[in-house]
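Now for the letters of each chain:
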Amino acid sequence: QAQFVESGGGLVQAGGSLRLSCAASGSIDRINHMAWYRQAPGNQREVIAFISSRGASTYADYVKGRFTITRDNAKMRLYLQMDSLKPEDTAVYYCNVYPYGGDDDWGRGTQVTVSS
């Protein structure tokens, strides 16, 4: 199993920016794709962006052009630069493998709150 610790969330006004970080540990050698997920109150957890070990990234349409996912394989860290934030981006953000198969634990996530 791999473990993940997310950080970098906070309260920001609409139009602002935040940079999230994720530290991975444990059984990480097998990991290829990693992803950022988010869960808003009353909603299911959803994937918003994922990236391969070679850096190829894919985004959900609603964050494309505003969010950028990157990774540092040597440090086993995942990042999410979030720009032009909107109130609907308010959620708890998590990182994990992609696709999620149930073998790895979820971290506590990091809360992002965007005020209008």
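Located above this text is the structure these notes cover.
Reading guide: rules and limits
- Residue numbers here run from 1 along each chain, matching the order of that chain's written sequence.
- Local features are withheld for residues below a pLDDT of 70 in this predicted model, meaning they are given only at 70 or higher, and side-chain atom pairs are given and counted only at 80 or more; totals for whole chains, interfaces and linings count all residues.
- Water and hydrogen atoms were dropped before computing side-chain values, which therefore reflect all heavy atoms in the structure.
- Take the buried Ala, Val, Leu, Ile, Met, Phe, Trp, Tyr and Cys residues and link them wherever side-chain atoms come within 4.5 Å; each set so joined is a nonpolar core.
- Relative accessible area decides the class of each residue, using a 1.4 Å probe on protein chains only: under 20% of the type maximum gives buried, over 50% gives exposed, and in between gives partly exposed.
- The numbering of helices and of strands both runs from the N terminus, where a helix is a DSSP run of H or I of at least 4 residues and a strand a run of E of at least 2.
- Every residue pair with non-hydrogen atoms within 4.5 Å of one another is taken to be in contact.
- When DSSP locates at least two bridges between a pair of strands, those strands are taken to pair.
- Whenever a helix is involved, its axis is fitted only over the stretch in contact; in every case the axis is a line through C-alpha atoms, and angles between N-to-C directions fall within 0 to 180 degrees.

1. Some remarks on the nonpolar core
Part 1 of the argument: Core analysis: the biggest nonpolar cluster contains 30 residues, and F4, W36, L80, M82 and Y93 have the highest contact counts within it.
Part 2 of the argument: Among the secondary structure elements, those contributing two or more residues to this core are β1 (2–7), β3 (18–26), β4 (34–39), β5 (46–51), β7 (67–72), β8 (77–82), β9 (91–97) and β10 (110–115).
Part 3 of the argument: Discounting residues that sit within four places of it in the chain, L80 has contacts with L18, R19, L20, W36, I48, F67, T68, I69 and Y93.
Part 4 of the argument: A35, Y37, V92 and Y94 belong to the second largest nonpolar core, which has five residues in total.

2. Side note on the sheet that holds β8
Part 1 of the argument: Strands sit in the order β1-β3-β8-β7 across an open sheet of four strands; the sheet is antiparallel. The open sheet has two free edges, formed respectively by β1 and β7, since each of these has just one partner strand. Taking each pair of neighbouring strands and ignoring which way they run, the sheet shows an average axis angle of 20°.
Part 2 of the argument: In terms of strand pairing, β1 meets β3 through six bridges, oriented antiparallel. When the sheet's bridge partners are listed, A2 is paired in β3 with G26.

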